[in-house]
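Spelled out, the chains give:
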Amino acid sequence: AQSRELEGKKVLVTAGGTMERLDPVRYLTNDSSGKMGFALAEAAANRGADVTLIAARTTAAPVAGVNTVHVESAEEMLEAVLERYESADLVIKAAAVADYRPVVKASTKIKKGNEKLVLELERTTDILQTLGERKKHQFLVGFAAETEQLAHYAMDKLRRKNCDLIVGNDVSQAGAGFNVDTNIVQIFGEEGLVESLPVLSKREVADRLLTQIVQRMKAAPGA
Ligand code: PMT
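Rules used in this analysis
Residues numbered from 1 in each chain as written. Predicted model: local features only at pLDDT ≥ 70, side-chain atom pairs only at ≥ 80, totals over all residues. Helix = DSSP H or I, 4+ residues; strand = E, 2+ residues; numbered from the N terminus. Buried ≥ 20, exposed ≤ 12 C-beta atoms within 10 Å, placed from the backbone. Contact = placed C-beta atoms within 7 Å. Near = placed C-beta within 6 Å. Nonpolar A, V, L, I, M, F, W, Y, C, P; charged D, E, K, R; others polar. Pairing = 2+ DSSP bridges. Axes fitted to C-alpha atoms, helices over the stretch in contact; angles between N-to-C directions. Core = buried A, V, L, I, M, F, W, Y, C linked by C-beta atoms within 7 Å. UniProt positions renumbered as here; feature names shortened; annotations may be inferred. pLDDT = per-residue confidence, 0-100. Parallel < 35°, antiparallel > 145°, perpendicular 65-115°, else oblique. Left-handed = near helix turned anticlockwise from the far one by under 90°.

**Student:** In this structure, what is going on with the overall build of the chain? I would like to understand it.
**Tutor:** Counting its secondary structure elements, the chain contains 5 helices and 14 strands. The principal-axis extents of the C-alpha atoms in the chain amount to approximately 60 × 35 × 30 Å. Expressed as a percentage of the 223 residues in the chain, the buried residues total 41%. For the chain, long-range pairs separated by at least 24 residues make up 61% of all intrachain contacts whose partners lie at least 6 apart in sequence.

**Student:** Would you explain the site of the ligand in this entry?
**Tutor:** Around the ligand, a shell composed of 27 residues is seen, among which S33, K35, M36, I127 and F143 lie nearest. Elements with a minimum of two residues in the shell around the ligand: α1 (35-46), α3 (127-133) and β9 (139-146). Taken together, the residues of the shell around the ligand sort by class into 13 nonpolar, 8 polar and 6 charged.

**Student:** Please clarify how the sheet that holds strand β13 (residues 192-196) should be interpreted in this entry.
**Tutor:** Pairing between the strands of a sheet comes from backbone hydrogen bonds, and it takes one of two forms, parallel or antiparallel. Taken together, 8 strands build an open sheet; the order of strands is β5-β4-β1-β6-β9-β10-β12-β13 and the sheet is mixed. A strand with exactly one partner marks an edge of an open sheet, and here the two such strands are β5 (67-70) and β13. Each neighbouring strand pair of the sheet contributes to a mean axis angle of 20°, computed without reference to strand direction. Strand direction decides the pairing type here: strand β4 (residues 50-55) and β5, joined by 4 bridges, are parallel.

**Student:** Can you help me understand the nonpolar core in this one?
**Tutor:** Judged by nonpolar contacts, the single largest core of 61 residues is most densely connected at V13, L40, A44 and M77. Looking at which element gives the most residues to this core, the answer is α1, with 8 residues. Those residues within four positions of A44 in sequence are excluded, and the remaining contacts are L6, V11, V13, A49, V51 and L210.

**Student:** Please clarify how the environment of D170 should be interpreted in this entry.
**Tutor:** By the element assignment, D170 lies in strand β10 (residues 165-170). The exposure class assigned to D170 is buried, which follows from the 20 C-beta atoms found within 10 Å. Discounting chain neighbours no more than four positions away, the residues touching D170 are E146, L150, A176 and I184.

**Student:** Got a minute to help me understand the UniProt feature "binding site: CTP" (unreviewed entry) in the chain in this structure?
**Tutor:** Per the UniProt annotation, the sites labelled "binding site: CTP" (unreviewed entry) are D99, K109, F143, K157 and K161. Taken along the chain, the residues just named run across 63 residues; in space they spread out, the farthest C-alpha pair reaching 37.7 Å. As for its position among the elements, D99 is in the loop between β6 (90-93) and β7 (100-102). Given 13 C-beta atoms within a 10 Å radius, D99 is considered partly exposed. Beyond its immediate stretch of four places on either side in the chain, D99 contacts R123 and T124. Structurally, the position occupied by K161 is in the loop between α4 (150-160) and β10. Sequence-distant contacts of K161, that is, excluding residues within four places in its chain, are made with L128, Q129, G132 and G142.

**Student:** Quick question: what am I supposed to make of the confidence of the model for the chain here?
**Tutor:** A low pLDDT means the predicted coordinates there should not be read in detail. Mean pLDDT over the chain works out to 96, with 98% of the residues at or above the 70 mark. This prediction of the complex comes with two scores: 0.97 for pTM and 0.98 for ipTM.

**Student:** For this particular structure, what's the right way to read the packing of α1 against helix α5 (residues 202-219)?
**Tutor:** The axes of two packed helices give the description: the angle between them and the distance between them. At a minimum axis distance of 8 Å, the contact between α1 and α5 shows a crossing angle of 55°. On the basis of the axis angle, α1 is oblique to α5. Where α1 crosses over α5, the two elements pack in a sense that is right-handed. Residue-level contacts link K35, M36, A39, L40, E42, A43 and A44 of α1 to K202, R203, A206, D207 and L210 of α5. Taken together, the residues of the contact of α1 with α5 sort by class into 7 nonpolar, no polar and 5 charged.

**Student:** Mind showing me how you'd approach the pairing of β4 here?
**Tutor:** The two faces of the sheet receive side chains in turn, since in a regular strand these alternate between them. The element β4 is extensively covered by neighbouring structure, given that 5 of its 6 residues are classed as buried. Looking at chain direction, strand β1 (residues 10-15) and β4 are connected through 6 bridges and run parallel. Following the sheet pairing, L12 is matched in β4 by T52.

Right, here's the structure in full:
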């Protein structure tokens, strides 16, 4: 039987790819399926946690016993996460959040013309960084999707975004990353590499990650 070691803990998980609208029928997004985040939500619920899943665009099947909140854009995800941040014990940010969004969101369908169309993009708010800046008692876990120098960029994100753990995801490897059922990750903490996992189902990755998280939450002061 699964141990209920997260009983009484409030866990916030983000999943999926945000959609940044150009007009009522067009948008910018990415290849995230939401599977990694949904697997994490399910694994945390199985350990007894009170889980809220903030889901952007996803093809993953709904998880029973998890409160799922659907959002579209990075801005909506930011709001949904901040609303629940104060009362959360653990936050895991598996979502692929857009770094840029169109400056103008047309209220009617953009008409085709004969000239080139130039899209102007502006930065979105970095949700994980915002959470890192406002962190109090929360245990904060980020992901780092990279195609080169995984350890270097993962450690940089851990420090800059004030995370307790970062899950480094080399998305250039077959069987890892976006829109597949398996993943290959390395878990980093303040001290450097914590654990390097082989190719595993996303559900298995979720469990191995939660085992690390639970150990560290127990060791943390005030836990
Ligand atoms: O959804 P799947 O198909 O199962 O795929 C899983 C995954 C590849 C999406 C997942 O394992 C993963 O790596 N998620 C993070 C993707 C990502 O956007 O990484 P990043 O390195 O660009 O961002 C670093 C961290 O900052 C992430 O925790 C991200 O959620 C967060 N971020 C990024 C930008 C932004 N504006 N706000 C954020 O909070």
